[in-house]
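# Fold and contact review
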Amino acid sequence: MSIPIGRSALITSRRETNPASRGAVLAVLGLSAFYFLFPLWWLLVSATKPFGEQFSGSGLWFDGFGLFDNIARLSSQDGGIFWRWMLNSVLYCGVGALIGTLLSALTGYALAKYDFPGRGALFGLVLAAVLVPKVLFTLPLYLMFSDVHLIDNPLAVLLPSVVSPFGVYLSRVFAAQAVPDEVLEAGRLDGAGELRLFWRVGMRMMLPALVTIFLFQFVEIWNNYLLPAMVLGDDRLQPVTVGLVGWNASHVAVPPPLVVIGSLVSIVPLLIAFLALQRFWRAGMTAGAIK
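### Considerations on the confidence of the model for the protein
On average, residues of the protein score 85 in pLDDT, and 90% of them reach the 70 mark or higher. The least confident element of the protein is helix α1 (residues 5–16), whose mean pLDDT is 50; the most confident is helix α4 (residues 81–113), at 94. Low pLDDT, under 50, characterises residues 9–13; the stretch is placed with zero contacts to residues that sit more than four places away or in other chains. Overall, residues 283–291 carries pLDDT values under 50, and its contacts beyond four positions in sequence, including any with other chains, amount to ten contacts.

### Remarks on the side chain of N88
Examined against the element boundaries, N88 turns out to sit in helix α4. Judged by relative accessible area, which is 6%, N88 ranks as buried. A distance of 2.9 Å separates a polar atom in the side chain of N88 from the backbone oxygen of R236. The contacts of N88, once residues within four sequence positions are left out, are R236, L237, Q238 and P239.

### Details of the packing of α4 against helix α10 (residues 194–205)
Remark: α4 packs on α10, axes separated minimally by 12 Å, with the N-to-C direction vectors making an angle of 100°. Viewed along their axes, α4 and α10 adopt a mutual orientation that is roughly perpendicular. In this structure, α4 contributes L102, A105, L106 and Y109 to the contact, and α10 contributes L197, F198, W199, G202 and M203. Split by residue class, the contact of α4 with α10 holds eight nonpolar, one polar and no charged.

### A closer look at a nonpolar patch on the surface
Taken together, the side chains of V132, V135, L136, F137, L139, L143, Y225, L226, M230 and V245 define a hydrophobic patch exposed on the protein surface, amounting to about 850 Å² of accessible area. Where the nonpolar patch is concerned, the elements lending two or more residues are α6 (138–147) and α12 (226–231). By the secondary structure assignment, Y225 is in the loop between α11 (207–223) and α12. Among the residues examined, Y225 registers a relative accessible area of 35% and is labelled partly exposed.

### Let's talk about the packing of aromatic side chains
With the rule as written, the count across this model stands at 18 aromatic pairs. Taking the centre distance of 6.5 Å and the plane angle of 40° together, the rings of F166 and Y169 count as tilted. One end of the pair, F166, and the other, Y169, are both in helix α8 (residues 165–178), three residues apart, so they sit about a helical turn from each other. Residue classification places F166 among the partly exposed residues on the basis of a relative accessible area of 35%. What links up through ring pairs into an aromatic cluster is the set F82, W83, W85 and W247.

### Looking at the packing of helix α5 (residues 119–130) against α8
Look at α5 against α8: their axes get within 8 Å of each other, and the N-to-C directions meet at 130°. The orientation of α5 relative to α8 falls into the category oblique. Of the two elements, α5 crosses α8, and the hand of that crossing is left-handed. For the pair formed by α5 and α8, the contact residues are F123, V126, L127, A129 and V130 on the first element and P165, F166, V168, Y169 and R172 on the second. A class-by-class count of the residues in the contact of α5 with α8 yields nine nonpolar, no polar and one charged.

### So, α11
For α11, spanning 17 residues, the distance from its first C-alpha to its last is 24 Å, which sits close to the expected 24 Å at 1.5 Å a residue. Along α11, the residues classified as buried are P208, A209, L210, V211, I213, L215, Q217, F218, I221 and W222.

### Regarding the pattern of salt bridges
For the coordinates displayed, the defined rule picks out five salt bridges. The residue R188 makes a salt bridge to E194 at a minimum N-O spacing of 2.7 Å. Residue R188 is classed as partly exposed on the basis of its relative accessible area of 27%. Overall, the relative accessible area of 33% leaves E194 in the partly exposed class. A single network of salt bridges, built from pairs that share partners, joins E185, R188 and E194.

Quick notes on the rules
- Counting of residues starts from 1 at the beginning of each chain's written sequence and follows it residue by residue.
- Local features in this predicted model are restricted to residues whose pLDDT is 70 or higher, and side-chain atom pairs enter the listing and the counts only when it is 80 or higher, whereas totals over whole chains, interfaces and linings include all residues.
- Only hydrogens and water are set aside; all other atoms, that is, all heavy atoms of the structure, feed into the side-chain values.
- pLDDT is defined as a per-residue confidence score from the predictor, taking values between 0 and 100.
- The helix and strand labels rest on DSSP assignments: H or I over at least four residues marks a helix, E over at least two residues marks a strand, and numbering proceeds from the N terminus.
- The contact criterion used is simple: two residues touch if any of their non-hydrogen atoms lie within 4.5 Å.
- Only protein chains enter the accessibility calculation, which uses a 1.4 Å probe; a residue is then buried when its area is under 20% of its type maximum, exposed when over 50%, and partly exposed in between.
- Pairing of N or O atoms within 3.5 Å defines a polar contact, subject to two protein rules: one partner must be a possible hydrogen donor and the other a possible acceptor, and residues neighboring in sequence count only if both atoms are side-chain atoms.
- In this analysis, axes come from line fits to C-alpha atoms, helices being fitted only over the stretch in contact, and the angle between any two N-to-C directions falls in the range 0 to 180 degrees.
- Roughly parallel means an angle under 35 degrees; roughly antiparallel means over 145; roughly perpendicular covers 65 to 115; every other angle is labelled oblique.
- Polar here means any residue other than Ala, Val, Leu, Ile, Met, Phe, Trp, Tyr, Cys and Pro, which are nonpolar, and Asp, Glu, Lys and Arg, which are charged; Gly is therefore polar.
- Patches here are clusters of residues that have more than 30% relative accessible area and form no salt bridge, with a 9 Å joining cutoff for like charges and a 5 Å cutoff for nonpolar side chains (Val, Leu, Ile, Met, Phe, Trp, Tyr).
- To measure how exposed things are, a 1.4 Å probe is used in the Shrake-Rupley method; for residues, cover is taken only from the protein chains shown.
- Salt bridges are defined as contacts in which a side-chain nitrogen from Lys or Arg sits within 4 Å of a carboxyl oxygen from Asp or Glu.
- Under the pairing criterion, centres of Phe, Tyr and Trp rings, with the six-membered ring standing for Trp, must be within 6.5 Å; the plane angle then separates stacked pairs below 30 degrees from edge-to-face pairs above 60, leaving the rest tilted.
- The hand of a helix crossing depends on one turn: near helix anticlockwise from the far one by less than a right angle means left-handed, and clockwise means right-handed.
- To estimate how far a helix should extend, the number of its residues minus one is multiplied by 1.5 Å.

Quick look at the structure:
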């Protein structure tokens with residue numbers, strides 16, 4: 001008696017995933033989750049303790065609750081400059097990620113859907129740029145911005161943040177798979193221009209990839225420290241990452257517990273962004289595009 005192909009594959013997969021392999025995978029995943037979540041748990045517990053007790057007692061469980069008083073103290077430090085830093089970070093990340101995502105979508109769509117001389121070489125250059133750490137560009141950017149008098153100017157942070165080789169790469173790969181050529185040809189036959197096809201067809205089909213690019217850009221700009229620290233000397237223009245490091249270096253002027261409390265508050269926008277945009281990560285949003 002012959003076994004159906006589907007049933008045979010299922011039996012084979014069950015044999016390959018034995019309890020030992022599943023246990024090893026779960027153990028690795030558990031250790032990884034513990035490694036990444038343990039600092040966040042410590043930060044949450046420490047920030048909710050009464051002010052001055054952040055580094056005393058057990059750091060793994062709650063001992064009193066003083067979060068609202070801690071936030072009030074954080075708001076009153078240096079005239080409330082912390083919230084100015086938060087606003088700066090939101091502006092830098094929001095504007096930079098939005099423009100960077102749009103430019104990545106345009107470039108990736110063009111590389112995927114148009115045949116022009118040098119397309120392969122250009123895409124190879126993009127791949128090479130993905131492999132280069134952005135920190136290597138910090139000193140050349142500082143020297144360039146110094147020559148054009150952009151030091152202590154928000155543009156010195158915004159301009160480099162709108163360039164994302166990884167975003168271009170992801171857009172190109174996703175556009176090649178998710179935007180069918182047949183749909184574009186049908187739109188051209190109906191008289192739609194290329195720019196309209198991109199906005200009305202390409203952008204909608206590429207939405208999951210664009211959300212991913214936006215989140216990657218948002219987090220990357222938010223966590224960027226070296227470039228803003230070099231090009232922004234004015235405290236009121238700095239993002240929250242640079243401001244908190246400055247507070248941490250000044251143990252006398254700023255109490256260390258404020259750095260812990262500010263670190264917890266500073267990750268809230270990242271959590272909100274992920275929770276608000278995660279529903280767009282659904283694969284198959286373009287299912288049924290070809291009929």
